[in-house]
Amino acid sequence: LFRSPEGLLTHMLKIDRLLIPFDLHSSLNIVYGIQIAFALRSRIEFLHVLPVSSGFFGIPHRTSAIGSAPNDPRVSERRAIERRLSEHLHRFGLYGLSHTLSIRHGPPAPVILDHIRATQPDLVVLDVGGMLGIQGIRSGKSALLIIEESDVPVISVRPVPDPSSGFHGPPSGGALRSDGVFALRRILAPVNPAPSARESVHYAGAVAHALNAELHL
């Protein structure tokens, strides 16, 4: 058991940009991502992937051109989607935090991996439980694919605890605290002789140090 061992901090990494994939059921990865961003003064890109099963095809990336005609159904639907997602995110307390929202369309895991490769965030904060809330995701297989194939470090957040833990998601009409009660207190960093594993320990150590969390190797 280590608590931010100084030996891991000699090569402290600067984590400037976080990527947080999410949907309207996401909670703990948003909470922990916000904590990390505040502690490290990082910027967050929130990424929502509309699955193929949704009725709206062809929705472009936020930075892509989209029809500007007031009657373009793509414009109105996109705005409605962005409004719902933004309302969900602001329940977690984003005030004073630099953040953006991107929306993509397609199979969640491949789309998220493509986005990671294209944007190269410093860290991904991933919900490995009900991520994106569609069939096949709850098994964790898509989250595992992202963890295995991502070329940037990933912090995987376990599913929301069972009801006996006292956590039931964001309180109605209020903001879910991103500090204190649901603080990120313990980080597990699996290690092996590979250079990539040693690098992951440096990232885990940077987060643990910033949040005064326990680091388990």
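1. Some remarks on the overall build of the protein chain
For the protein chain, the count of helices and strands is five helices and seven strands. Each helix and strand of the protein chain, placed in order from N terminus to C terminus, yields the pattern β-α-β-α-β-α-β-α-β-β-α-β. Here the protein chain holds 217 residues, and 46% of them are scored as buried. Long-range contacts, defined as pairs at least 24 residues apart, comprise 76% of the intrachain contacts of the protein chain with a sequence gap of at least 6. When the accessible surface of the protein chain is summed, it comes to about 11400 Å², and 53% of that surface belongs to carbon and sulfur atoms.

2. Some words on unusual backbone geometry
With phi around 55°, Arg 41 is a residue other than glycine that occupies positive phi space. Here Arg 41 shows up in the loop between α1 (28–40) and β2 (43–50). Phi at Asn 212 is positive, roughly 55°, even though this residue is not glycine. Position of Asn 212 among the secondary structure elements: in the loop between α5 (195–211) and β7 (214–216). A relative accessible area of 54% places Asn 212 in the exposed class.

3. Looking at α1
Residues separated by three or four positions in an α-helix point in the same direction, a consequence of the helix having 3.6 residues per turn. For α1, spanning 13 residues, the distance from its first C-alpha to its last is 18 Å, which sits close to the expected 18 Å at 1.5 Å a residue. Among the 13 residues of α1, eleven are classified as buried, and the element is accordingly described as predominantly covered. Among all positions of α1, only Leu 28, Asn 29, Ile 30, Val 31, Tyr 32, Gly 33, Ile 34, Gln 35, Ile 36, Ala 37 and Leu 40 are buried. Looking one or two places after α1, you find Arg 41, whose phi comes out positive at around 55°.

4. What to know about the sheet that holds strand β4 (residues 123–127)
What the five strands build is an open sheet, ordered β3-β2-β1-β4-β5; its pairing is parallel. The open sheet has two free edges, formed respectively by β3 (99–105) and β5 (154–157), since each of these has just one partner strand. The sheet shows a mean angle of 20° between the axes of neighbouring strands, taken without regard to direction. Against the sheet, α1 makes contact with β1 (17–21), β2, β4 and β5, and its axis sits at roughly 170° relative to β1, the strand it touches most.

5. Focus: the confidence of the model for the protein chain
Looking at the protein chain as a whole, the pLDDT averages 74, with 66% of positions reaching at least 70. In this model residues 55–67 is a low-confidence stretch, pLDDT under 50, and it forms 36 contacts with partners more than four residues away in sequence or in other chains. Scored below 50 in pLDDT, residues 164–181 makes 31 contacts in the model with residues more than four places away or belonging to other chains.

6. Description of the pattern of salt bridges
Per the counting criterion, the structure on display carries three salt bridges. Measuring nitrogen to oxygen at the nearest pair gives 4.0 Å for the salt bridge that ties Asp 16 to Lys 14. The class of Asp 16 is partly exposed, set by a relative accessible area of 33%. Under the relative-accessibility criterion, Lys 14 is labelled exposed at 53%. Between Glu 149 and Arg 117 there is a salt bridge, with the nearest N and O atoms lying 3.8 Å from each other. You can see Glu 149 sitting in helix α4 (residues 141–149) and its partner Arg 117 sitting in helix α3 (residues 108–119), a full 32 residues away along the chain. What makes Glu 149 partly exposed here is its relative accessible area of 40%. When salt bridges with common partners are traced through the structure, they connect Asp 114, Arg 117 and Glu 149 into a single cluster.

7. Section: the pairing of β1
Burial analysis of β1 places four of its five residues in the buried class, which makes it a mostly covered element. Relative to β2, β1 runs parallel, the two sharing five bridges. By the bridge assignment, Leu 19 is partnered in β2 with Glu 45. You can see the chain leave β1, run along α1 and come back into β2, and the turn it takes is right-handed. Where β1 and β4 come together, two bridges link them in parallel fashion. Along β4, the bridge assignment pairs Leu 19 with Val 124.

Calculation criteria
- Residues numbered from 1 in each chain as written.
- Predicted model: local features only at pLDDT ≥ 70, side-chain atom pairs only at ≥ 80, totals over all residues.
- Heavy atoms only, no water.
- Helix = DSSP H or I, 4+ residues; strand = E, 2+ residues; numbered from the N terminus.
- Buried < 20%, exposed > 50% of the residue type's maximum accessible area, 1.4 Å probe, protein only.
- Contact = heavy atoms within 4.5 Å.
- Areas by Shrake-Rupley, 256 points an atom, 1.4 Å probe, with all protein chains shown as cover.
- Expected span 1.5 Å × (residues − 1).
- Pairing = 2+ DSSP bridges.
- Axes fitted to C-alpha atoms, helices over the stretch in contact; angles between N-to-C directions.
- pLDDT = per-residue confidence, 0-100.
- Salt bridge = Lys/Arg side-chain N within 4 Å of Asp/Glu carboxyl O.
- Right-handed = clockwise from strand over helix to strand, strands pointing away.

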